[in-house]
Amino acid sequence: MNNVIRQAGKLLSGTFFQGLAITLPLALTLAFLYWFAAMAEDFLGGLIQHLFPDLRYWTGLGTLVAIAIVFVAGILMNVWIARRLMRLFDALLDQIPLVKSVYGSLRDIAMLLSEKDSKSRFKKVVAVRVAEHVQIVGFVTVEDYAALSQSGGKDKATVGVYLPMSYQIGGYTVFVPKSALEPLDMSVEDAMRFTLTAGVSGGKAEAA
């Protein structure tokens, strides 16, 4: 009888977690979209009604305006003068003690989410050899770290590598000699998905 109960418990828990694996990502995605739409509708919707009191406002206009602003910002970032102004704005915010920490962190995270920017910041995917039979997937961020040689480092072939931790709980930036790296034939997107999910999903890595 106890054996039957244990088997039934395993079956129920397995089915539950299988369903959770399917529904949780969808629920979180929908929750984020709802939060974005509600925030845009509350802030931009109220701003539109304040600036244009004679305009016949309809629900959803604030969200559409927010989406339009995001697309316009993305288009402007392809214009040299807009990039220049954005760099000046970043430099200004970097002078404010508390703001620079919050804004800088959010900016870097947002930049990494951008496919175009992630390819420029993460130059290549590599396997970092940490022991004889142990390798860690990482991303080269600095090809030639001159600061080490200036501070007394003798290995001029030292590079900076970012090692993300699984399930998006952090990561490390390490500086290792190029001899400890093995290039992988893997896109940045596939490698990031592979490492963040502990190898559950992602492309197949092959030595270059």
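Computed from a predicted model, the values in this text were never measured in an experiment. (Residues numbered from 1 in each chain as written. Predicted model: local features only at pLDDT ≥ 70, side-chain atom pairs only at ≥ 80, totals over all residues. Heavy atoms only, no water.)

We now examine the sheet that holds strand β3 (residues 158-164). In spatial order, the strands read β4-β3-β2-β1-β5; together these five strands make up an open sheet with antiparallel pairing. Since the sheet does not close on itself, it has two edges, and those belong to β4 (171-177) and β5 (181-183), each with one partner. Each strand of the sheet is rotated relative to its neighbour by a mean of 45°, with strand direction disregarded. As judged from the three bridges shared by strand β1 (residues 124-131) and β5, these two strands associate in the antiparallel manner. Opposite V128, over in β5, you have L181 as the bridge partner. (Pairing = 2+ DSSP bridges. Helix = DSSP H or I, 4+ residues; strand = E, 2+ residues; numbered from the N terminus. Axes fitted to C-alpha atoms, helices over the stretch in contact; angles between N-to-C directions.)

Within the element layout of this structure, M39 appears in helix α1 (residues 2-51). Considering only alpha carbons, one finds M39 and A66, 27 residues apart in sequence, at a separation of 9.5 Å.

Taken as a whole and assessed by the stated rule, the structure comprises two aromatic pairs. When the ring of F16 is compared with that of F17, the centres are 5.5 Å apart and the planes differ by 75°; the resulting orientation is edge-to-face. The class of F16 is exposed, set by a relative accessible area of 54%. On the basis of an interplanar angle of 35° and a centroid distance of 5.8 Å, the ring pair of F32 and W35 is categorised as tilted. (Phe/Tyr/Trp six-rings, centres within 6.5 Å; stacked < 30°, edge-to-face > 60°. Buried < 20%, exposed > 50% of the residue type's maximum accessible area, 1.4 Å probe, protein only.)

Bringing the side chain of T63 into the picture now. Turning to its location among the elements, T63 is positioned in helix α2 (residues 61-76). You can call T63 buried: its relative accessible area is 16%. If we ignore the near neighbours within four places in the chain, the residues touching T63 are A37, A40 and E41. (Contact = heavy atoms within 4.5 Å.)

So, about the environment of T141. As for its placement among the helices and strands, T141 is situated in strand β2 (residues 134-142). With a relative accessible area of 24%, T141 lands in the partly exposed category. Through-space distance from the C-alpha of T141 to that of T173 is 8.8 Å; in sequence the pair is 32 residues apart.

A separate point is helix α7 (residues 188-196). If you check which residues of α7 are buried, you get V188, A191, T195 and L196. Down the axis of α7, the smallest arc covering the buried residues is 120°, so these residues share one side. Positioned one or two residues after α7, A198 has a phi angle of 60°, which is positive. (Arc of directions from axis to C-beta.)

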